[in-house]
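Architecture at a glance
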Amino acid sequence: MTGFPVFTADGDTPWTDAGHGVRRKIVAHAPSLMMVRFLFETGGVGQPHSHPHVQTSLVMSGRFALTIGGETRELGPGDSYMVPSGVVHSALAIEGGELVDAFTPMRDDFLP
């Protein structure tokens, strides 16, 4: 039909240790889009980094200090943010929780 999974059950994909108190799981992907769940322990850190992908994220639970392009905001459940291509960003879990990120195009570096 499409050449990539149309449906994915939660148990179909494993969690990957992303380091620094963070785990990630690919939810769905196609060449032009990828959705990924990130679980953060309290104090977990998404290290400062940039990538060519545009990223949007939704805070599902927890509290996070998000820094994007040098500006930091505290976000909680229901809040969201967008990271333009090439902009340095990072996350600190003030309270452990979950982020759901979407990337365009997909992150080939996240594939097994």
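1. Regarding the layout of surface pockets
- In this structure, the largest pocket occupies an estimated 340 Å³ of space.
- As for the largest pocket, its lining consists of 24 residues, of which Phe 38, Phe 40, Gly 46, Gln 47 and His 49 are closest to the centre.
- Looking at the lining of the largest pocket, the elements that each hand over two or more residues are strand E1 (16-19), strand E2 (22-30), strand E3 (33-40), strand E4 (45-49), strand E5 (54-68) and strand E8 (89-104).
- Per-element accounting of the lining of the largest pocket gives the leading share, six residues, to E8.
- Put simply, the second largest pocket is a space of about 250 Å³.
- If one sorts the elements of the lining of the second largest pocket by residue count, E2 sits on top with six residues.
- By residue class, the composition of the lining of the second largest pocket is eight nonpolar, four polar and three charged.

2. Let's talk about the pairing of E8
- Inspection of the sheet shows E3 paired to E8 by seven bridges, in the antiparallel sense. Paired with Met 34 across the strands is Phe 103, a residue of E8.
- Bridge count for E4 against E8 is three bridges, and the pairing is antiparallel. Each residue of the ladder has a partner; that of Gly 46, found in E8, is Ala 91.

3. Things to note about the pairing of strand E7 (residues 80-83)
- Residues Tyr 81 and Val 83 line the buried face of E7, whereas the alternating positions Ser 80 and Met 82 sit on a face that is not buried.
- Where E5 meets E7, four bridges bridge the pair, whose relative direction is antiparallel. Residue pairing for E7: Thr 56 is matched across the bridge by Met 82.

Definitions and limits used
- Residues numbered from 1 in each chain as written.
- Predicted model: local features only at pLDDT ≥ 70, side-chain atom pairs only at ≥ 80, totals over all residues.
- Heavy atoms only, no water.
- 1 Å grid on protein atoms, 1.4 Å probe; cavity = no way out; pocket = protein on both sides within 12 Å on 5 of 7 lines; lining within 4 Å.
- Points joined across faces, edges and corners; volume = space filled by probe spheres on them.
- Helix = DSSP H or I, 4+ residues; strand = E, 2+ residues; numbered from the N terminus.
- Nonpolar A, V, L, I, M, F, W, Y, C, P; charged D, E, K, R; others polar.
- Pairing = 2+ DSSP bridges.
- Buried < 20%, exposed > 50% of the residue type's maximum accessible area, 1.4 Å probe, protein only.

Geometric descriptors of this kind do not, in isolation, establish any biological role.
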